[in-house]
Every structure is written in C-alpha cells, then in structure tokens.
Amino acid sequence: MKQIFADLWETDVESPFPGLTTHAYLLTRDSGNVLFYNTGHDHERDAIAELGGADWQLLSHQDELGASILKLRDRFGTQLGGHERERDEFAKIRTPDRLFDRREVLLDNIEVIPTPGHTPGSTCFLVASPTGKRYLFTGDTLYRGDDGTWKPGYIDGMSDRETLATSLALLKGLTPDVVIGSAFGGQAGYEEMRPEEWSGKVESALVQLNT
C-alpha cells in the first residue's frame, strides 16, 4: 500500500478482468478509516490493519463486489455502503449496512452523490479532508484513460447514455482538488488538479459521450 496524500493510501494495482486495472483507497480518519472501492489482495488487508483497520467500505457500484468484502467484515467488522438500486446484486454477497438513495453527507465529511448511468446505482463520493483537499471518488462514472484524459464510463448494452450525461453534468459543477477513479488505463487512476480545471475535463467527457 502506498501513501499518496497525508490521509489517503492506495492499494496495489489488480486486474479483476482482462484489460481492467483498479486500485482501492483507504482514507485514514481519527473517527474510523474508510475504504473506497475494493481490493482482493490478502497482503493489503495486513496493511490496512497496520493503519488501524477499516470501519467502513463504500462501493461506487456493483462491479466492485467480490468475496473480499466478506474478509474485510470478518477481520475488521467493516460496515458496507452501496446504492439502493443495486441492493439485490449486493445481497448475493452481502447486504449493505447503509443503502444510499439520495445526495447526503455520511460520516461527517463524506458527501454521497448518486450518479446513475454507468450502472443504475453508480455513486460518487466527495470527501472534505481535514488537510484542506477535496477528494472526488468517481468510481467508473468517469475514469482516467490511457492518454490521461477523463472518459465517460459508458458501456454499450449495459449503461444508459442519457442518464450518464445527466450525472456528468452534475459532477461538472463540483470543484475537487483530487479526482480518483476506480478502473483506469495508463499509469495512474487519480489526478491532482486546480479546482477550476475539473469542469473542462468533464465537458470533454460529455462531448465524447455524445459523439
């Protein structure tokens, strides 16, 4: 596990499917650590233990489900959060302790932002870190491509183009300092930027989606 910011750690890369690369991210907090996305690496659970465990695991959508969420629960008592629209998919492995269905603030400083389109229950999370940074976890709603640009998470036959466009328009109005996807291409799944840069990156993704 690698520390990328004062309170944020990135797990080793993994490829759950051919051509797909992902990381999970551990947010360390005095009030209890939060793991975003998922990791299947056994050694990363040891690293999480050294950093104080994981009180919560927040999944951005159903594609991040896996048996490893049970191992996190069994080792750390980790509570699970996911979207109401994907309750049945979650329940095949583990029913969430917290189901999202609206925009809300969770655990004092984590804003839950439903962004359907990639999947029906896709959700982003905006964290107001005590360090002053704003971390935006986009899941696969927006992902960083091989060329470093942010791309819409549209999959033909699975995603809903119009709904995804509405979600991207919502994200365009945010001002994050760091944007962190789940799946990614290239060398890194996150990017640090000036807050005013983000709207242009999302606009480019909207153009891609609509062409």
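Please refer to the structure placed before this passage.
Every value quoted in this text rests on a predicted model; they were computed, and no experiment measured them. (Residues numbered from 1 in each chain as written. Predicted model: local features only at pLDDT ≥ 70, side-chain atom pairs only at ≥ 80, totals over all residues. Heavy atoms only, no water.)

All right, on to the packing of helix α1 (residues 42-50) against helix α2 (residues 68-76) then. At a minimum axis distance of 11 Å, the contact between α1 and α2 shows a crossing angle of 30 degrees. α2 is crossed by α1, and the crossing has right-handed handedness. Mapping the contact onto sequence places Asp42, Arg45, Asp46, Ile48 and Ala49 in α1 and Ser68, Lys71, Leu72, Arg75 and Phe76 in α2. Taken together, the residues of the contact of α1 with α2 break down into four nonpolar, one polar and five charged. (Axes fitted to C-alpha atoms, helices over the stretch in contact; angles between N-to-C directions. Helix = DSSP H or I, 4+ residues; strand = E, 2+ residues; numbered from the N terminus. Left-handed = near helix turned anticlockwise from the far one by under 90°. Contact = heavy atoms within 4.5 Å. Nonpolar A, V, L, I, M, F, W, Y, C, P; charged D, E, K, R; others polar.)

This brings us to the pattern of salt bridges. The final tally for this structure, using the stated rule, is 18 salt bridges. A salt bridge links glutamate 191 to arginine 144; the shortest N-O distance between them is 3.6 Å. In this pair, glutamate 191 is assigned in strand β17 (residues 190-192) and arginine 144 in strand β13 (residues 142-144), connecting sequence segments 47 residues apart. Here glutamate 191 matches arginine 144 in class, with each residue buried. Measuring nitrogen to oxygen at the nearest pair gives 3.2 Å for the salt bridge that ties glutamate 191 to lysine 201. With glutamate 191 in strand β17 and lysine 201 in helix α5 (residues 198-209), the pair connects residues that are 10 residues apart, well separated along the chain. Several salt bridges share partner residues, and in doing so they unite Asp42, Arg45 and Lys71 into one network. (Salt bridge = Lys/Arg side-chain N within 4 Å of Asp/Glu carboxyl O. Buried < 20%, exposed > 50% of the residue type's maximum accessible area, 1.4 Å probe, protein only.)

Take the pairing of strand β1 (residues 2-5) next. Where β1 lies against strand β2 (residues 8-10), three bridges are found, and the strand directions are antiparallel. Paired with phenylalanine 5 across the two strands is leucine 8, which belongs to β2. Hairpin connection, β1 to β2: the antiparallel pair is bridged by two residues. (Pairing = 2+ DSSP bridges.)

Within strand β11 (residues 123-128), five of the six residues are buried, leaving the element largely enclosed by the surrounding structure. Sheet topology note: the strand β10 (residues 110-114)/β11 ladder contains five bridges and is antiparallel. Its bridge partner lying in β11, valine 112 is registered against phenylalanine 125. With four bridges connecting them, β11 and strand β12 (residues 134-139) associate as antiparallel partners. Pairing of phenylalanine 125 across the sheet is with phenylalanine 137, part of β12. Taking the residues that link successive antiparallel strands as the turn, the β11-β12 hairpin has five residues, and the phi of glycine 132 there is positive, at about 100 degrees.

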